[in-house]
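Next come the chains, spelled out residue by residue.
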Amino acid sequence: MLHHPLETVVEPPAGRSADPVGPPPGFLVRRRRLVLWLAALGLAVAALAGHGVHDRLTFGGATVPGAESARAAELLERGFAGGDPHLVVIVRSTQPVDGARIARAGSDVAARLARDPGVARVTSYWEARSPGLRSRDGRAALIVARLHGDDMHQTATAARLAPGLTGAHGPLTLSVTGEAQVKAEARSRSESDLRRAELITVPLTVVILLLVFGSLTAAVLPVLVGVFAVTGTTAVLRLLTEVTEVSAFAMSIASALGFALAVDFSLFIVTRFREELAGGRDAASAIRVTLRTTGRAMAFSAFTVSSCLAALLLFPFTMFRSVAFGGIAVTLLAAVGSLVVLPAVLAVLGTRIDCLAVPEPWRAARGRAAPGPEGRWFRLAEAVMRRPLAVAVPTVVLLVAVASPFLGARFGVFDDRLLPPEAPAALASEDLRRDFDARDGISATTVVLPGLKAAGGGTAAPGRTPPGDAHARPNVRVRSEARVRLDAYARRVSALEGVARVSTATGSYRDGGLAGPPPGPPQRFTSPAGAWLAVATDHEPYSVENSELARAVRSVPAPGPAVVGGPGAQLADIRQAVADALPQGLALVVLTTFVLITVMTRSVVLAVKALVMNALSLGATFGVLVHVFQEGHLRELVGGFSVTGTLDVLVPALMFCIAFGLSMDYEIFLLSRITEEYRRTGDTRAAVATGMEHTGRLFTSAAVIFAVVMASLATSGLVLLKMVGVGLALAVLLDCTLIRALLVPAVMCLAGRANWWSPLRAGPVRRRAATSESTV
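Residues numbered from 1 in each chain as written. Predicted model: local features only at pLDDT ≥ 70, side-chain atom pairs only at ≥ 80, totals over all residues. Heavy atoms only, no water.

### Points about the overall build of the chain
Thought 1: Helices and strands together make up the secondary structure of the chain, namely 23 helices and 14 strands.
Thought 2: Counting every position in the chain, which comprises 776 residues, the buried fraction comes to 59%.
Thought 3: For the chain, contacts bridging at least 24 residues in sequence account for 79% of all contacts bridging at least 6. (Helix = DSSP H or I, 4+ residues; strand = E, 2+ residues; numbered from the N terminus. Buried < 20%, exposed > 50% of the residue type's maximum accessible area, 1.4 Å probe, protein only. Contact = heavy atoms within 4.5 Å.)

### Some details on the packing of aromatic side chains
Thought 1: As enumerated under the stated definition, the model contains 9 aromatic pairs in all.
Thought 2: The interplanar angle of 45° and the centroid separation of 4.9 Å between the aromatic rings of F525 and W532 together place this pair among those described as tilted. Each member of the pair, F525 together with W532, is buried.
Thought 3: Through a chain of ring-to-ring contacts, the aromatic side chains of F315, F317 and F320 assemble into a single cluster. (Phe/Tyr/Trp six-rings, centres within 6.5 Å; stacked < 30°, edge-to-face > 60°.)

### A short note on the sheet that holds strand β4 (residues 167-169)
Thought 1: Taken in spatial order, the 5 strands line up as β2-β3-β1-β5-β4 in an open sheet, and their pairing is antiparallel. Strands at the two margins of the open sheet, each flanked by one partner only, are β2 (119-124) and β4. This sheet shows a mean twist of 30° between the axes of neighbouring strands, independent of strand direction.
Thought 2: Pairing of β4 with strand β5 (residues 172-177), which is carried by 3 bridges, proceeds in the antiparallel orientation. Along β5, the bridge assignment pairs A168 with T173.
Thought 3: Packing against the sheet, helix α6 (residues 151-161) makes contact with β1 (87-92), β2 and β3 (140-147), and its axis sits at approximately 140° to β3. (Pairing = 2+ DSSP bridges. Axes fitted to C-alpha atoms, helices over the stretch in contact; angles between N-to-C directions.)

### Some points on helix α3 (residues 68-80)
Thought 1: Taking 1.5 Å as the rise per residue, α3 with 13 residues should run 18 Å; its terminal C-alpha atoms sit 17 Å apart, in good agreement.
Thought 2: Those residues of α3 not exposed but buried are E68, S69, A72, L76 and F80. In an axial view of α3, the angular spread of the buried residues amounts to 100°, which keeps them on one side of the axis. (Expected span 1.5 Å × (residues − 1). Arc of directions from axis to C-beta.)

### Overview of a nonpolar patch on the surface
Thought 1: There is a patch of nonpolar side chains on the surface, built from L34, L38, L41 and V45 and spanning about 380 Å² of accessible area.
Thought 2: Structurally, L34 can be placed in helix α2 (residues 32-49). (Patch = residues over 30% accessible without salt bridge, like charges linked within 9 Å, V, L, I, M, F, W, Y side chains within 5 Å. Areas by Shrake-Rupley, 256 points an atom, 1.4 Å probe, with all protein chains shown as cover. Salt bridge = Lys/Arg side-chain N within 4 Å of Asp/Glu carboxyl O.)

### A word on the pairing of strand β7 (residues 445-450)
Thought 1: Burial runs high along β7: 5 of the 6 residues are buried.
Thought 2: In terms of strand pairing, β7 meets strand β12 (residues 530-537) through 6 bridges, oriented antiparallel. Looking at β12, one finds that T446 is bridged to A534.
Thought 3: Sheet topology places β7 next to strand β13 (residues 563-565); 3 bridges connect them, and they run antiparallel. The partner of T446 across the bridge, within β13, is G565.

### Concerning the state of the cysteines
A covalent bond between the sulfur atoms of two cysteines is referred to as a disulfide.
Thought 1: One pass over the full model with this rule turns up 0 disulfides.
Thought 2: Considering cysteine sulfurs only, C657 is the nearest to C308, which forms no disulfide, with 7.2 Å between them.
Thought 3: Under the relative-accessibility criterion, C308 is labelled buried at 0%. (Disulfide = S-S within 2.5 Å.)

### Examining the packing of helix α14 (residues 388-403) against helix α23 (residues 719-751)
Thought 1: The N-to-C vectors of α14 and α23 enclose an angle of 135°; their axes lie 9 Å apart at closest approach. Taken together, the axes of α14 and α23 are oblique relative to one another. As α14 packs across α23, the resulting crossing turns out to be left-handed. Between α14, through P388, L389, V391, A392, T395, V396, L398 and L399, and α23, the contact on the second element is made entirely by L734, L738, I739, L742, L743, A746, C749 and L750.
Thought 2: Taken together, the residues that form the contact of α14 with α23 break down as 15 nonpolar, 1 polar and no charged. (Parallel < 35°, antiparallel > 145°, perpendicular 65-115°, else oblique. Left-handed = near helix turned anticlockwise from the far one by under 90°. Nonpolar A, V, L, I, M, F, W, Y, C, P; charged D, E, K, R; others polar.)

### So, α2
Thought 1: When the terminal C-alpha atoms of α2 are compared, their 25 Å separation across 18 residues agrees well with the 26 Å that a helix rising 1.5 Å per residue should span.
Thought 2: Turning to α2, its buried residues are V35, A39 and A46. Projected down its long axis, α2 shows its buried positions confined to an angular sector of 35°, all on one face. Projecting away from the buried face of α2 at angles above 90 degrees are the exposed residues R33, W37, L41 and L48.

### Some words on the pattern of salt bridges
Thought 1: Going through the model one piece at a time under the given rule, you end up with 32 salt bridges.
Thought 2: Put simply, D573 and R554 hold a salt bridge, and the shortest N to O gap is 3.0 Å. Taken together, the positions of D573 in helix α18 (residues 567-601) and R554 in helix α17 (residues 544-555) put the pair 19 residues apart, joining distant regions of the chain.
Thought 3: Of the residues examined, D573 reaches a relative accessible area of 10% and is grouped as buried.
Thought 4: Overlapping salt bridges bring together D415, D416, R417, E430, R433 and E540 as one network.

### Details of the confidence of the model for the chain
Thought 1: Scored by pLDDT, the chain comes out at a mean of 82, with 88% of its residues at no less than 70.
Thought 2: Model confidence for the chain, summarised as mean pLDDT per element, is weakest for helix α1 (residues 25-30) at 67 and strongest for α14 at 94.
Thought 3: Predicted confidence for residues 1-21 stays below pLDDT 50, and this span has 45 contacts to residues more than four positions away or in other chains.
Thought 4: In this model residues 762-775 is a low-confidence stretch, pLDDT under 50, and it forms 45 contacts with partners more than four residues away in sequence or in other chains. (pLDDT = per-residue confidence, 0-100.)

### A word on the environment of R32
Thought 1: Of note, R32 is situated in helix α2.
Thought 2: For R32 and V348, which are 316 residues apart along the polypeptide, the C-alpha to C-alpha distance reads 7.0 Å.

### A word on the pairing of β5
Thought 1: As defined by bridge partners, β1 adjoins β5 across 5 bridges and the pair is classed as antiparallel. Each bridged residue has a counterpart across the sheet, and for V88 the counterpart in β5 is T177.

### Focus on the environment of L172
Thought 1: For L172, the location among the structural elements is in strand β5.
Thought 2: Given the relative accessible area of 1%, L172 is considered buried.
Thought 3: Between the alpha carbons of L172 and A140 there is a distance of 9.3 Å; along the sequence they are 32 residues apart.
Thought 4: Apart from the residues within four sequence positions on either side, L172 is in contact with V91, R92, S93, I102, A105, G106, V109 and G167.

Spelled out as structure tokens, the structure:
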């Protein structure tokens, strides 16, 4: 007779064995040294294969392939040699930049930059004479450059060029920013932040495990499994860089996630093994029982986390795919390390696992002793169930109140303010915002009109100056009907609210009228491929307002096909892509979790309860993220960052897929033990209290370790990693306190026997005979 995967397992008769998770325990015991040698060899190969992975990571991956903004960028690059610059050099002087000496020095810098083999095109203020490239006070100007290659090569080129373009150069003082430079600094900080996080995480984790186990030997084992999982994932990501773009965020998130999961899984395995030894079993029997019970629950947990991470593959972002691949790989490696490598180590150690014990006063737990029948977690559950409504209602109200700021979330995309405020590229970008007017060639919304042949010339025909256009030049004639249509279209776009200026081949437009000639030579806006317009605005490039402006531009009737791009259009496309994929991602996560909990407990009610509990926990987490990172409250608690008034549109979806799986990790361990106790006793209240007593200390210790790992990620100077670290740490802490310790016993007490109802059978879960083994 086959046993339910997570239900109580009866000791099999002689000659038969229940199917364990992973290789047979007998093999792991008999061939333990072979397993360890193979694991050591695999670790060494992975360390070599993963070498240099940071140099191949990118900070792109947030664009939507095939979206209108991506097509506009491609058309602009291919047909007009245009597009947003990858490097922006701010040239400052104590004298006006139009003076001969400063102009000559600035032109020399531009010429020297143009000669670099990694640079495709360079435009300087002294060449283009565009007012957007000169500061308001006339003492600073811009040199903008496009770079050769893909994102990775552009970032490498920026990192190489920046030192020579920074500091004093004769009468000039230079600083560098731009997309490629921001990514170069972000990649460098990501690598250093990851190393610092490792230096913080490993010692703290060992200390916490020492307090939990009371033995240095036992405490080190989960850390070693964490190193095994992270090293293997580094190799996987390095191999992926050969075939696809891999985001640096995937490396940071996967490393933290994998280390925390590996430690969590190993904590449960080592704890159960020590309890079996304390119960009188030998090492071989203890390993067999541990893998058949706790190991089986862990396998389901790893499947849950992996399934939730797989939902990220439904989103059309390279960054999400990178995080999904890295997260799934590290979760599976954490499971392999805990279910294969760790049992082999335990077989070698046997009872020596308790050697190098710490003094008794420093222990948080009593060595190998199993939890008492009425310990602190038992008493807490009983206290909650005596007044379930008095506990549940205020707790739910508190969680809803904490979640309420999320209703006011404003979704944008991080720009240079991804970096800490003191970063050189961030400081230079702040200078751009403060000292320069609307920037036609840097962050404008672009409109490409492919096929519209409006060859260079003037702005209006003699004697046909439109009313109110005092700045029109009547001495230039219209050369084609296309120019008339382009002129009319530019007027309509310039009349939109929020548009500061529209520049194209026919002139510069403001407030629905012609304001003057185009900035720079008119032919820069035309080519055999058609024509294009630069729509400048005072809005931040990746702001909600600029996104809405791009949508408005797309709605303006155009003289033929119009492809709208630029930062605002890119944000609009990203938001639309998230909105399109989110229902599918939510459905996959919810359905997978619902089926798993139903199969595990054979109760639809418990599955629905788990989903609602997770929704409350994540809602509160998102509310805190808005309160802190969008509105800027409590900034001093999480380190310095620039407040933009928006939340990155990718963070909630990313956080949901990761945090939902992690919450289910603890739910599985708790519900499996509660279900087992109910089958043994038929008493819901006793089952909840006993299940809490046996698992409360474990999942609380695991949650604290996970929060420490994520808090180390939150020390990153990159605000996106800081948000993910803070969000995941908070989600886990809320889950193990308000949710598991208070709401779960209160709600299960209120539901009573209804907890165990399922339409798949007539009646609730049937009581089963007591056995000697539990799932956790």
